[in-house]
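Results of the structural survey
Below are the chains, spelled out letter by letter.
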Amino acid sequence: MSNVESYTATAKWLHWGMALIWIVAWLFGIVAVHWRDEFNPQHQLTFLHKAMASVLLFLIVLRVVWRLTHPSPAMPATMSPLMKRGAFAGHLLLYCIALVGLPMSGWYWSSVADKPILVAGLFLLPALVEPDQSLYDLAKSIHTYTAWLCGVLVGGHVIVALKHHFIDKDRVLAGMLPGRATDAPS
Ligand code: HEM
Ligand code: HEM
């Protein structure tokens, strides 16, 4: 059982940096598809969406290594064993589906469609699989449905974090906020 009170500074930077990229990429994805004529006539938003979201594929490697080598704060004693298991499962789902599965599904879709992904506008991501137009609709559906599922997951995650802070009044959100005196060494 961990006895640190707070995530390390590096873990916080990774969490909030990736959260910002994730939320903006999600909103750009929605606007790119559903307001195409108004805001995405030349696919500029699609380009930005892919350039930002693909960065997550690199940051997640660093984040997982950091997470496995540094303890996270213990959950409050006021949480029941069931709630603690739920929180653990929720975080695991966020890692597996929102931070790994969803960017991988976008990479897969662009690969079967033979479309480039310019990571952060800097370099091309190699194709994950050979182009295959017969898989286009399947790849598109996987990315779209996963993206909406993740919107619900992340929305739930934010609501639970706010509930901890404002209703349960425990230290769960504080442990992820910057600049706490109790920060563990990073
Ligand atoms: C390498 C990573 C990714 C690639 C290559 C990619 C690619 C794409 C493409 C090509 C589209 C369609 C855009 C258009 O038709 O103009 C799209 C849509 C979308 N993407 Fe991604 N994506 C990636 C990662 C992500 C991530 C990480 C998220 C969530 C933060 C996300 C959320 C969405 C959403 C919400 C849509 C719109 C879905 C809809 O309602 O049709 N994508 N993506
Ligand atoms: C305003 C938005 C957000 C808030 C307020 C927030 C808040 C938090 C808090 C308080 C924790 C610590 C929970 C604990 O220790 O039990 C946490 C952890 C986590 N958050 Fe967020 N979060 C936000 C956005 C996101 C986004 C967009 C993602 C990913 C798509 C994400 C993924 C995670 C993951 C994977 C963890 C587990 C960290 C670990 O134990 O390694 N969060 N978040």
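Everything here concerns the structure above.
Residues numbered from 1 in each chain as written. Chains lettered and ligands numbered in written order. Predicted model: local features only at pLDDT ≥ 70, side-chain atom pairs only at ≥ 80, totals over all residues. Heavy atoms only, no water.

**Comments concerning the coordination of the iron atom of ligand 2**
Keep this limit in mind: Distances decide who is a donor: an N, O or S atom must be within 2.8 Å of the metal, or within 3.2 Å for Na, K and Ca. Water is not included, so sites may look incomplete. Between 85 and 135 degrees for all angles marks four donors as tetrahedral; over 155 degrees for opposite donors together with 65 to 115 for all other angles marks four donors as square planar and six as octahedral; every other arrangement is irregular. Numbering of helices and strands starts at the N terminus; helices are DSSP runs of H or I of at least 4 residues and strands are runs of E of at least 2. Each residue's exposure class comes from its accessible area (1.4 Å probe, protein chains only) as a fraction of the maximum for that residue type: buried when under 20%, exposed when over 50%, partly exposed otherwise.
Surrounding the iron atom of ligand 2 are the protein donor atoms His15 (NE2) and His157 (NE2), which sit 2.0 Å from the metal. Every donor counted, the 6 donor atoms about the iron atom of ligand 2 form angles of 87 to 179 degrees at the centre, which fits octahedral coordination. Residue His15 is found in helix α1 (residues 9-34), and its partner His157 is found in helix α6 (residues 136-168); the two are separated by 142 residues along the sequence. His15 sits in the buried class, given a relative accessible area of 14%.

**Considering the site of ligand 2**
Defined as follows: Summary of the distance rule: residues count as near a molecule or strand when at least one heavy atom falls within 4 Å of that molecule or strand. Any pair of N or O atoms that falls within 3.5 Å is considered a polar contact. Within protein, one atom must be able to donate a hydrogen and the other to accept it, and sequence-neighbouring residues count only if both atoms are side-chain atoms. The nonpolar class holds Ala, Val, Leu, Ile, Met, Phe, Trp, Tyr, Cys and Pro. Asp, Glu, Lys and Arg form the charged class, and all remaining residues, Gly among them, are polar.
Near ligand 2 lie 19 residues; those nearest to it are Tyr7, His15, Arg67, Tyr95 and His157. A distance of 2.8 Å is found between a nitrogen atom of ligand 2 and a side-chain nitrogen or oxygen belonging to His15. Contact between ligand 2 and Tyr95: an oxygen atom at 2.5 Å from a side-chain N or O atom of the residue. For the shell around ligand 2, the element with the most residues is helix α5 (residues 81-112), which contributes 5 residues. Residues belonging to the shell around ligand 2 are distributed by class as follows: 14 nonpolar, 3 polar and 2 charged.

**A closer look at the coordination of the iron atom of ligand 1**
Here the iron atom of ligand 1 is held by His49 (NE2) and His143 (NE2), and the distances to it run 2.0 Å. In this structure, the iron atom of ligand 1 is surrounded by 6 donor atoms whose angles at the metal cover 88 to 180 degrees, and the resulting shape is octahedral. Here His143 lies in helix α6 and His49 lies in helix α3 (residues 44-53), a separation of 94 residues in the sequence. In this structure, His49 and His143 share a single accessibility class: buried.

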